[in-house]
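Understanding the architecture of this molecule
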Amino acid sequence: MHPGRRQFLIGTAGFAVCAIAGAHGYSSTQAKTRIILLGTKGGPRVGEAGRSNPSTLILINDVPYLVDCGYGASKQLLTAGIALNRLRYVFITHHHSDHNLEVGPLIYNAWITGLPVHIDLYGPAGLRRMTRLFFAYERFDINTRIVDEGREDPRKLVSVHEFARAGMVLRNDAVKITSCQVRHPPISQAYAYRFDAKDRSVVISGDTAYAPQLAEFARGADVLIHEVMYLPGIEALLKRLPNAKRLRQHLMAAHTLPEDVGRIAAQAGVGTLVLSHFVPGDDPTITDEQWSEGVRKHFKGPIIVGKDLLEI
Ligand SMILES: [Zn+2]
Ligand SMILES: [Zn+2]
């Protein structure tokens, strides 16, 4: 582990990480299934500093499974110590750009690093076209490098798997991955993912309003990573924006307030709740206590207020 990160973990989330170790009999460094939050800021705006755009890494037996690919995902993977040519599986929850903006560039970055085998890319309809259009966008460079530098054709190294309904996404010897349709209007093709590995189960909500089906989907999971929106912070943000009325309507219809995150976690009976995809994600005046106090009214288990590069 990066020495700076170890210090960071102890400093900011020591209690919660210990709680996981106590409940499951292993520490995060020994676990075969590791979770690293790469980007925890909800929304497409790129911040000058602070949280990076959404992306979550699950390492199962040291194989990276990446969920969502907001701007900065390549850089965050590298900072987390994952060489880009190790990229193997990428999952997109829905086609808002804070979740998919870097899909093409990440594949490109992996390729230029020396993509070893193959990338399998999973997500709702639109992903195949998006990938094809990215390769068209960089066609000149790609074709030049294939001839000039003797590289393989990256278009042959990526398989896109689109789906239009919830269910089994991928199953191999190490993990079963399933999806659940969540509530994120006006986008109907919005999914949560569940990873059932041998030692640990992890659910990532994706973007969603309060969705009772998600509690059912996440039932008994060791870890639920759920998006969260803080209303007083939203009101402060909206004061500065010309499209405030419409944006407020969207946020209220499509995202989840802390109390409802707590309800979902409690209904699901998850071991640990991790808050991520913070909206607003770039207001440093909102404290960890403010993010979690509404959640705690309903969920009595350990709550981790997510930070970029935090390992769980
Ligand atoms: Zn989002
Ligand atoms: Zn979204």
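Going by the structure above, here's the rest.
Note that the coordinates shown come from a computational prediction; the quantities given were computed from them, not determined experimentally.

1. Considerations on the coordination of the zinc ion (ligand 1)
Protein-derived coordination of the zinc ion (ligand 1) comes from Asp98 (OD), His99 (NE2), Asp207 (OD) and His277 (NE2), at a distance range of 2.1 to 2.2 Å. Mapped onto the polypeptide sequence, the residues donating to the zinc ion (ligand 1) form the spacing pattern D-H-x107-D-x69-H. In this structure, the zinc ion (ligand 1) lies 3.5 Å away from the zinc ion (ligand 2), the two metals sharing Asp207 as a donor. Pair noted here: Asp207 is in the loop between strand S10 (201-204) and helix H7 (212-217) and His277 is in strand S12 (residues 272-279), with a separation of 70 residues, a long-range link. With a relative accessible area of 7%, His277 lands in the buried category.

2. Details of helix H11 (residues 288-296)
Residues of H11 that are buried: Trp291, Ser292, Gly294 and Val295. What you see down the axis of H11 is that its buried residues fit within an arc of 155 degrees, all on one side. The elements touched by buried residues of H11 are strand S11 (223-229), helix H10 (258-268), S12 and strand S13 (303-305).

3. Considering the side chain of His277
Polar side-chain contacts of His277 include one of 3.2 Å to the side chain of Asp98. A polar contact is formed between the side chain of His277 and the side chain of His99, at a distance of 3.2 Å. Excluding anything up to four places from it in sequence, His277 contacts Thr40, Lys41, Gly42, Gly43, Pro54, Asp98, His99, Asp207, Glu227, Val228 and His255.

4. Here's the deal with the layout of surface pockets
Put simply, the largest pocket is a space of about 440 Å³. Together, 21 residues line the largest pocket, and Gly42, Gly43, Pro44, Leu247 and Leu251 are the ones closest to its centre. For the lining of the largest pocket, the secondary-structure elements that each account for two or more residues are helix H3 (97-100), helix H9 (244-254) and S12. The dominant element in the lining of the largest pocket, judged by the number of residues it contributes, is H9, at three residues.

5. Here we look at the coordination of the zinc ion (ligand 2)
Around the zinc ion (ligand 2), the donor atoms from the protein are His94 (NE2), His96 (ND1), His184 (NE2) and Asp207 (OD), and they sit 2.1 to 2.3 Å away. Here the zinc ion (ligand 2) is ringed by four donor atoms whose angles at the metal span 91 to 160 degrees, and the overall shape comes out irregular. Assessed through its relative accessible area of 2%, Asp207 is described here as buried.

6. Overview of empty space enclosed by the protein
As enumerated under the stated definition, the model contains two cavities of 30 Å³ or more in all. Roughly 140 Å³ of volume is contained in the largest cavity. In terms of lining, the largest cavity is formed by 17 residues, of which the most central are Thr56, Asp68, Ile204, Ser276 and His277. Breaking the lining of the largest cavity down by element, the ones donating at least two residues are strand S2 (55-60), S11 and S12. Residue classes in the lining of the largest cavity are distributed as four nonpolar, ten polar and three charged.

7. A look at the side chain of Thr131
Its location among the elements puts Thr131 in helix H5 (residues 127-137). A relative accessible area of 6% places Thr131 in the buried class. Sequence-distant contacts of Thr131, that is, excluding residues within four places in its chain, are made with Ile107, Leu121, Val158 and Val160.

8. Examining the pattern of salt bridges
In this structure the tally under the stated criterion is 16 salt bridges. A salt bridge links Arg34 to Glu311, with the nearest nitrogen and oxygen atoms 2.8 Å apart. Residue Arg34 is found in strand S1 (residues 33-39), and its partner Glu311 is found in the segment after S13; the two are separated by 277 residues along the sequence. The closest approach of N and O atoms between Arg155 and Asp153, which form a salt bridge, is 2.8 Å. Three or more residues are tied together by salt bridges with common partners; here these are Asp141, Arg145, Glu149 and Arg151.

9. So, the sheet that holds strand S4 (residues 89-91)
Strand order in this open sheet of six strands is S1-S2-S3-S4-S5-S6, and the pairing throughout is mixed. One side of each edge strand has no neighbouring strand; the edge strands of this open sheet are S1 and strand S6 (158-163). Ignoring strand direction, the axes of neighbouring strands in this sheet form an average angle of 20 degrees. Taken together, the five bridges between S2 and strand S3 (residues 63-67) define a ladder with antiparallel strand orientation. Residue Thr56 lies in a different strand from S3, and its bridge partner there is Val67.

10. Re the sheet that holds strand S7 (residues 167-171)
Strand pairing in a sheet relies on backbone hydrogen bonds, with the paired strands running either antiparallel or parallel. On the basis of which strands lie adjacent, the open sheet formed by seven strands has the order S7-S8-S9-S10-S11-S12-S13 and mixed pairing. What marks the edges here is a single partner per strand, and that holds for S7 and S13. Neighbour-to-neighbour, the strand axes of this sheet turn through a mean angle of 20 degrees, independent of strand direction. Note that S7 and strand S8 (residues 175-181) share four bridges and pair antiparallel. By the bridge assignment for S8, Arg171 is matched with Lys176. Across the sheet, H10 touches S11 and S12, and the angle it forms with S11 is around 160 degrees.

Cut-offs applied
Residues numbered from 1 in each chain as written. Chains lettered and ligands numbered in written order. Predicted model: local features only at pLDDT ≥ 70, side-chain atom pairs only at ≥ 80, totals over all residues. Heavy atoms only, no water. Donors = N, O, S within 2.8 Å, 3.2 Å for Na, K, Ca; no water. Helix = DSSP H or I, 4+ residues; strand = E, 2+ residues; numbered from the N terminus. Buried < 20%, exposed > 50% of the residue type's maximum accessible area, 1.4 Å probe, protein only. Arc of directions from axis to C-beta. Contact = heavy atoms within 4.5 Å. Polar contact = N/O pair within 3.5 Å; in protein donor to acceptor, adjacent residues only side chain to side chain. 1 Å grid on protein atoms, 1.4 Å probe; cavity = no way out; pocket = protein on both sides within 12 Å on 5 of 7 lines; lining within 4 Å. Points joined across faces, edges and corners; volume = space filled by probe spheres on them. Tetrahedral: all angles 85-135°; square planar, octahedral: opposite > 155°, others 65-115°. Nonpolar A, V, L, I, M, F, W, Y, C, P; charged D, E, K, R; others polar. Salt bridge = Lys/Arg side-chain N within 4 Å of Asp/Glu carboxyl O. Pairing = 2+ DSSP bridges. Axes fitted to C-alpha atoms, helices over the stretch in contact; angles between N-to-C directions.

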